[in-house]
Amino acid sequence: MFEGPLQIGFDLTCMFVGIMLLVGLFTLFVKAENIERNFLVGGLTLSTALLAIPLLDNAYRHDFPNGYGSLFAVWLLAGLGFGIGRWFDHLLGARSRMEERDDSTFGAHLAD
């Protein structure tokens, strides 16, 4: 359908959306030290990356009427989910920890 720099931009945008899908999935199932609410951050990242797929498909079917603007919008939407999720996570602050739950000793100090 098209060649040149627009094709390279389309390929890079597809790869970025795929990477953001993987980042969202990994954030859902991996507990990071600096992310308190991994389901919030991972869910927002995954949902915005999934929303970017139909937008990218629609722009591809109509031969990119806005040129690089539509690619940039898809790129921005896919990446913004992670940023907004981290921002909300930071705003909500640290979670309260239970005294009995100590992962470093696995509760051995409670046996005394």
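Residues numbered from 1 in each chain as written. Predicted model: local features only at pLDDT ≥ 70, side-chain atom pairs only at ≥ 80, totals over all residues. Heavy atoms only, no water.

Is there a simple way to think about the packing of helix H1 (residues 5-29) against helix H2 (residues 38-61) in this case?
To describe two helices that pack against each other, one gives the angle between their axes and the distance between the axes. Two numbers describe how H1 lies on H2: the axes approach to 8 Å, and their chain directions differ by 155 degrees. Of the possible angle classes, the one that applies to H1 and H2 is roughly antiparallel. Seen along the crossing, H1 lies across H2 with a hand that is left-handed. (Axes fitted to C-alpha atoms, helices over the stretch in contact; angles between N-to-C directions. Helix = DSSP H or I, 4+ residues; strand = E, 2+ residues; numbered from the N terminus. Parallel < 35°, antiparallel > 145°, perpendicular 65-115°, else oblique. Left-handed = near helix turned anticlockwise from the far one by under 90°.)

What exactly am I supposed to notice about the nonpolar core here?
Nonpolar side chains in soluble globular proteins generally cluster together in the buried interior. Phe64, Leu71 and Ala78 are the most contacted members of the largest nonpolar core, which totals 13 residues. Among the elements of the structure, H1, H2 and helix H3 (68-92) are those that each provide at least two residues to this core. Top contributing element to this core by residue count: H1, with 5 residues. Among residues more than four places away in sequence, those in contact with alanine 78 are Phe16, Val17, Met20, Thr48, Ala49 and Ala52. (Core = buried A, V, L, I, M, F, W, Y, C linked by side-chain atoms within 4.5 Å. Buried < 20%, exposed > 50% of the residue type's maximum accessible area, 1.4 Å probe, protein only. Contact = heavy atoms within 4.5 Å.)

Quick question: what am I supposed to make of the packing of aromatic side chains here?
Given two aromatic rings, their pairing is described by the distance between the two centres and the angle made by the two planes. In this structure the tally under the stated criterion is 5 aromatic pairs. Here the aromatic rings of tryptophan 87 and phenylalanine 88 are separated by 5.3 Å at their centres, their planes lie at 45 degrees, and the arrangement is tilted. The exposure class assigned to phenylalanine 88 is partly exposed, which follows from its relative accessible area of 37%. One aromatic cluster is present, built from ring pairs that chain together Phe10, Tyr60 and Phe64. (Phe/Tyr/Trp six-rings, centres within 6.5 Å; stacked < 30°, edge-to-face > 60°.)

What is the right way to read H1 from this model?
Since there are 3.6 residues in each turn of an α-helix, residues three or four apart along the chain are aligned in direction. With 25 residues, H1 should reach 36 Å at 1.5 Å per residue; the first-to-last C-alpha distance of 36 Å fits that figure. Three or more residues of H1 are buried, namely Leu6, Gly9, Phe10, Thr13, Phe16, Val17, Met20, Gly24, Thr27 and Leu28. Elements in contact with the buried residues of H1: H2 and H3. (Expected span 1.5 Å × (residues − 1).)

I tried to follow the pattern of salt bridges on my own but got confused; where do I start?
Pairing is possible between side chains that carry opposite charge, provided their charged atoms lie close to one another. For the structure on display, the rule yields 2 salt bridges. One salt bridge connects arginine 37 with aspartate 89, and the closest N-O pair in it is separated by 3.2 Å. Separated by 52 residues along the polypeptide, arginine 37 in the loop between H1 and H2 and aspartate 89 in helix H3 bring together distant segments of the chain. Aspartate 89 matches arginine 37 in its accessibility class, with the two residues each being buried. Here arginine 61 ties to aspartate 57 by a salt bridge, and the two come within 2.9 Å at their closest N and O atoms. One end of the pair, arginine 61, and the other, aspartate 57, are both in helix H2, 4 residues apart, so they sit about a helical turn from each other. (Salt bridge = Lys/Arg side-chain N within 4 Å of Asp/Glu carboxyl O.)

Looking at this structure, how should I read the environment of threonine 13?
With respect to the helices and strands, threonine 13 occurs in helix H1. Residue threonine 13 is classed as buried on the basis of its relative accessible area, which comes to 3%. Counting along the chain gives 61 residues from threonine 13 to valine 74, while the straight-line C-alpha distance between them is 7.5 Å. Those residues within four positions of threonine 13 in sequence are excluded, and the remaining contacts are Leu56, Leu71, Val74 and Trp75. Within the local environment of threonine 13, its side chain forms a polar contact with the backbone oxygen of glycine 9, the two atoms lying 2.7 Å apart. (Polar contact = N/O pair within 3.5 Å; in protein donor to acceptor, adjacent residues only side chain to side chain.)

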